[in-house]
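Chain and residue survey
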Amino acid sequence: MVFNPPPQTPLPMMIDMHKNLLSEIPVDALTREQAAVELLQLSRVLAYHDHCYYHLAAPEITDGMYDALYQRNRAIERRFPDLRRIDSPTHRVGAAPAPEFEKVKHRKPMLSLDNAFSEDDVQDFMIRIKRFLKVPEDDKIPCIVEPKIDGLSATLHYQNGQFVLGATRGDGQEGENISANLRTLRDIPLVLQGDAVPESLEIRGEVYMTKADFEALNQSRLESGENLFANPRNAAAGSLRLLDPSITAKRPLRFFAYGYESLSNRPDQTQDSILLSLKKWGFRVSPLVALCNDVNTMIYHYSVIQSERADLPYEIDGVVYKVNDLNLQARLGTVGRAPRHSIAHKFVAERAETIVDLIDIQVGRTGVLTPVAHLRPVLVGGVMVSRASLHNDDEIRRKDIRVGDTVIVQRAGDVIPQVVDVVLSKRPVDSIPFAFPETCPVCASVVVQTPGIVAKRCGGGFSCMAQAVERMRHFVSRDAFDIEGLGERHLQSFFNWGIARTPLDLFLMEENNHHVIPPLEVREGWGVKATRNLFDAINRRRHVTLDRFIYALGIPQVGHVTARVLAQHLKTIDAVMTATLDRLCALEGVGTIMATELIQFFASFDNRVLVNGLIEQVEVEPFETPVFEDSLFAGKTVVFTGTLEKLSRAEAKAQAERLGAHVASAVSRKTDYVVVGADAGKKLKQAQELALTILTEEQWIDMVSL
Ligand code: IVH
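Residues numbered from 1 in each chain as written. Predicted model: local features only at pLDDT ≥ 70, side-chain atom pairs only at ≥ 80, totals over all residues. Heavy atoms only, no water.

Next up on the list: the overall build of the protein chain. Assigned secondary structure in the protein chain consists of 24 helices and 26 strands. Projected onto the principal axes, the alpha-carbon positions of the protein chain cover approximately 85 × 75 × 65 Å. Out of the 706 residues belonging to the protein chain, those deemed buried represent 49%. As displayed, the protein chain has an accessible area near 34,400 Å², and 53% of this comes from carbon and sulfur atoms. On the protein chain, the mean spot of the 80 positive side-chain charges and the mean spot of the 91 negative ones are 2 Å from each other. (Helix = DSSP H or I, 4+ residues; strand = E, 2+ residues; numbered from the N terminus. Buried < 20%, exposed > 50% of the residue type's maximum accessible area, 1.4 Å probe, protein only. Areas by Shrake-Rupley, 256 points an atom, 1.4 Å probe, with all protein chains shown as cover. Lys, Arg positive; Asp, Glu negative; His and termini not counted. Charge placed at Lys NZ, Arg CZ, Asp CG, Glu CD.)

What follows is the structure in structure tokens.
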């Protein structure tokens with residue numbers, strides 16, 4: 001759904017938070033109008049006193065008075081249920097269970113962060129920023145350092161200061177409406193405090209559970225025979241995505257706010273003033289924040305926060321550095337799914353020693369054979385680890401990992417556990433080097449290796465069950481076709497029954513069902529209703545955006561970021577299938593290996609049959625580029641030439657693309673604007689000959705800031 005704000009109750013000019021707190025009119029005697037006014041006042045007054053009690057730790061009224069006000073609010077709502085306000089404190093106990101979560105398209109994407117693992121990575125981050133902004137290397141660009149809370153991000157919408165909607169991050173473009181659950185969190189104000197609240201505001205922050213609350217929750221689950229949560233993050237995620245908000249209300253979830261997007265105005269110019277505003281509006285923000293002028297101070301604060309990590313009541317997995325100046329942040333923009341202005345500096349991984357019991361080979365959707373170590377279960381950073389990817393044959397040989405070895409395992413944040421080293425002194429005398437299989441353990445086809453690529457692959461293609469099922473699983477996954485209710489178990493059965501062995505078969509299933517003996521609805525685990533639901537779920541996905549379509553194909557090396565770049569620049573699936581190596585390599589983030597994989601993929605006969613078949617079954621829609629609707633440059637072609645003084649080429653290009661323009665390297669009749677810097681040569685001449693619109697750097701900057 002696209003979010004539409006509910007009709008708003010106008011705000012009275014001023015409510016006295018202390019005088020005449022309790023009305024003397026009996027609830028039974030209230031007129032409808034009086035009730036509506038009183039409910040509005042009560043929601044403001046109770047929100048204010050919640051803020052004083054929970055955030056400022058400075059209550060201004062007695063608990064008895066608070067309870068009396070709360071009870072009056074509830075009594076009036078009982079008499080006039082339809083007048084219950086969206087910001088009523090009675091929502092804190094949780095609404096009725098919902099059948100499923102509604103989808104919400106984010107107005108501004110919820111991005112993720114790039115990671116830095118070393119001081120060098122942090123230095124590189126600052127160098128990249130300075131190059132992009134074209135400022136001298138010894139200039140200072142102040143950054144904020146904040147702890148990176150290990151929870152789940154959420155976005156909260158406020159209209160005229162009222163909390164109206166909250167959603168999960170989902171895939172960054174679209175999340176799930178979890179408003180009823182978020183309303184139960186005491187840290188989330190239902191009514192914003194203070195003045196100068198933008199009319200339309202979106203708060204971003206992290207939902208988490210403290211270490212102590214997590215232990216207590218697990219203890220009570222242990223006593224009642226329920227499954228335990230692996231860590232506070234999983235406990236928070238599990239609690240937040242419950243369909244019954246009254247259970248969420250009983251889970252001790254917390255919220256730290258770290259940013260906002262304002263659609264009406266932007267009162268703040270820096271990240272540190274954003275944090276102050278958030279605090280004024282009634283949010284909790286981390287107290288461990290520092291504003292630093294240079295990289296060394298940033299890294300110093302990283303180590304300060306790291307030294308406090310164990311004593312913090314909640315888990316953090318690193319710090320986040322953010323350029324403080326919001327104008328610079330806007331200029332820096334994003335690359336792929338991450339902003340250029342921020343980076344997460346992760347803490348070094350936690351390690352433990354254990355024994356390799358077995359090395360198993362798994363076959364992925366692209367046929368890649370991945371060796372996986374089965375380990376004696378061991379606790380690493382609070383999480384039980386029993387498996388670790390060994391990545392590939394080269395890696396096993398390099399580290400000489402053998403069955404029976406004692407190894408050091410590490411886990412860094414949410415990264416899959418890794419085997420870092422072998423403890424040679426503990427190696428059994430009879431151990432032998434691991435021999436990588438030469439045939440696929442699933443279909444016995446021969447194992448192949450593309451020159452220049454370390455991975456070994458099964459050569460069996462769709463005839464290999466592992467690949468076929470995994471490829472379909474990827475095809476239906478959330479960021480791809482997002483077909484509900486089709487888990488691995490079902491796909492495995494479809495493969496075994498011969499009903500669907502390729503993604504195309506899924507779209508033909510309904511049509512073919514009456515030829516299948518027996519038809520799906522009478523097979524084990526399926527009935528008439530389940531079959532109908534499945535076909536409906538598939539039919540709902542007969543429209544798909546080009547980026548999802550490309551990503552769904554499961555082309556090696558092509559993740560959703562690349563899929564988006566391809567969709568944005570090449571526009572049609574035909575253009576993607578026929579693009580040359582040079583054209584592909586010219587795209588941001590596409591290297592030779594990725595381009596080769598793309599070309600190889602579309603060169604395969606089977607893959608072309610699949611894609612052509614799919615286009616007949618589904619309508620592929622163009623990827624929507626986020627452009628300003630009234631942009632002068634939407635759909636235009638721009639060429640930059642000569643030396644720009646104020647902007648780096650990368651920034652100029654990013655500005656143009658953000659406004660919906662295509663940046664070309666050569667001037668032609670199709671060029672709309674040529675932006676010329678100092679010493680422009682041949683291209684300027686060509687532009688003059690073709691009588692194209694020529695802009696100076698200054699004019700360009702003026703026009704893009706319109
Ligand atoms: S800023 C571009 N600040 O880390 C995204 N994120 O890896 C802006 N996180 O999805 C995020 N603490 O859930 C930011 N102080 C903090 C954070 C923080 C935790 C999470 C957030 C985000 C993830 C990115």
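In this section: the sheet that holds strand β4 (residues 152-159). Pairing is antiparallel across the open sheet formed by four strands, whose spatial order is β5-β4-β7-β8. Because the sheet does not close on itself, it has two edges, and the strands there are β5 (162-168) and β8 (254-262). Strand-to-strand twist of the sheet, defined as the mean angle between neighbouring strand axes without regard to direction, takes the value 30°. Where strand β7 (residues 200-208) meets β8, eight bridges bridge the pair, whose relative direction is antiparallel. (Pairing = 2+ DSSP bridges. Axes fitted to C-alpha atoms, helices over the stretch in contact; angles between N-to-C directions.)

Let us look at the nonpolar core. Ranked by internal contacts, the top residues of the largest apolar core, which has 57 residues, are Phe494, Leu506 and Ile550. Here Leu506 is in contact with Met472, Phe475, Val476, Leu486, Leu491, Phe494, Ala500 and Ile538, once residues within four sequence places are set aside. Of all hydrophobic cores here, the second largest spans 33 residues; its members include Ala154, Leu185, Leu192 and Phe255. (Core = buried A, V, L, I, M, F, W, Y, C linked by side-chain atoms within 4.5 Å. Contact = heavy atoms within 4.5 Å.)

Moving on, we get to the site of the ligand. In the vicinity of the ligand lie 13 residues, with Glu146, Ile149, Ser153, Glu206 and Lys322 positioned nearest. In this structure, Ile149 approaches the ligand through a main-chain N or O atom, which is 3.1 Å from a nitrogen atom. Protein contacts shield 84% of the accessible area of the ligand, which totals 510 Å² for the unbound molecule. Considering each element in turn, the shell around the ligand owes the most residues, four residues, to strand β3 (residues 143-149). Here the shell around the ligand is composed, by residue class, of seven nonpolar, two polar and four charged. (Near = heavy atom within 4 Å. Polar contact = N/O pair within 3.5 Å; in protein donor to acceptor, adjacent residues only side chain to side chain. Nonpolar A, V, L, I, M, F, W, Y, C, P; charged D, E, K, R; others polar.)

Turning to the packing of aromatic side chains, a few remarks are in order. The tally for this structure, following the rule as stated, stands at 19 aromatic pairs. Each residue in the set Tyr158, Phe163, Phe255 and Phe283 is aromatic and connected to the rest through ring pairs, giving one cluster. Lying across the ring of Phe256, Arg284 places its NZ or CZ 4.6 Å from the centre. Seen from the ring of Phe495, Arg501 lies directly overhead, with NZ or CZ sitting 4.4 Å from the centre. (Phe/Tyr/Trp six-rings, centres within 6.5 Å; stacked < 30°, edge-to-face > 60°. Lys NZ or Arg CZ within 6 Å of the ring centre and 35° of its normal.)

Moving on, we get to helix α15 (residues 528-539). Compared with the 16 Å implied by 1.5 Å per residue over 12 residues, the 16 Å span of α15 between its first and last C-alpha is a close match. Every buried residue belonging to α15 is among Thr531, Leu534, Phe535, Ala537 and Ile538, and all of these are buried. End-on view of α15: buried residues confined to an arc of 160°, all on one side of the axis. Exposed residues pointing more than 90 degrees away from the buried face of α15 are listed as Val528 and Lys529. Those residues of α15 that are buried lie in contact with α13 (488-497) and α14 (503-512). (Expected span 1.5 Å × (residues − 1). Arc of directions from axis to C-beta.)

On to the sheet that holds β3, then. One open sheet accounts for five strands, arranged β2-β13-β10-β3-β9; its pairing is mixed. The sheet is open, and its two borders are formed by β2 (115-116) and β9 (290-292), each paired with just one other strand. Sheet strands in contact with helix α8 (residues 271-280) are β3, β9 and β10 (316-323), and its direction is about 50° off that of β3. Sheet strands in contact with helix α9 (residues 295-308) are β3, β9, β10 and β13 (342-346), and its direction is about 155° off that of β10.

With that settled, consider the side chain of Arg85. Position of Arg85 among the secondary structure elements: in the loop between α2 (63-79) and β1 (103-105). Looking at Arg85, its side chain comes within polar contact range of the side chain of Ser43, at 3.4 Å.

Bringing the pattern of salt bridges into the picture now. On inspection of all chains with the given rule, the structure shows 35 salt bridges. Two residues, Arg241 and Glu176, come together in a salt bridge whose shortest N-O distance is 2.5 Å. Within this pair, whereas Arg241 is found in the loop between α6 (232-240) and α7 (245-248), its partner Glu176 is found in strand β6 (residues 174-176), the two being separated by 65 residues in sequence. Each of Asp400, Arg402, Asp405 and Arg427 takes part in salt bridges that share partners, so that together they form one network. (Salt bridge = Lys/Arg side-chain N within 4 Å of Asp/Glu carboxyl O.)

For the protein chain, the average pLDDT comes to 89, and 95% of its residues sit at 70 or higher. Contacts for the low-pLDDT stretch residues 1-13, under 50 throughout, to residues beyond four places or in other chains number 23 contacts. (pLDDT = per-residue confidence, 0-100.)

What follows concerns the packing of α14 against α15. When two helices pack together, their arrangement is given by the angle between the helix axes and by the axis-to-axis distance. In the contact formed by α14 and α15, the axes pass within 10 Å of each other and the chain directions differ by 130°. Here α15 runs oblique to α14, going by the angle between their axes. Crossing geometry of α14 relative to α15 is assigned as left-handed. Contacts from Leu506, Phe507, Met509 and Glu510 of α14 reach α15 at Arg532, Leu534, Phe535, Ile538 and Asn539. Residues of the contact of α14 with α15, tallied by class, amount to six nonpolar, one polar and two charged. (Parallel < 35°, antiparallel > 145°, perpendicular 65-115°, else oblique. Left-handed = near helix turned anticlockwise from the far one by under 90°.)

Let us now look at the side chain of His345. In this fold, His345 is placed in strand β13. Residue His345 is classed as buried on the basis of its relative accessible area, which comes to 1%. Ignoring anything within four residues of it in the chain, the contact list for His345 reads Ala116, Phe117, Ser118, Val122, Tyr302, Gly318, Val319 and Tyr321.

The subject of this paragraph is the pairing of strand β14 (residues 350-363). Walk down a regular strand and you will see the side chains alternate between the two sheet faces. Inspection of the sheet shows β14 paired to strand β17 (residues 406-411) by six bridges, in the antiparallel sense. Each bridged residue has a counterpart across the sheet, and for Arg351 the counterpart in β17 is Gln410. Where β14 lies against strand β15 (residues 369-380), seven bridges are found, and the strand directions are antiparallel. Across the sheet, Val363 pairs through a bridge with Leu369, a residue of β15.

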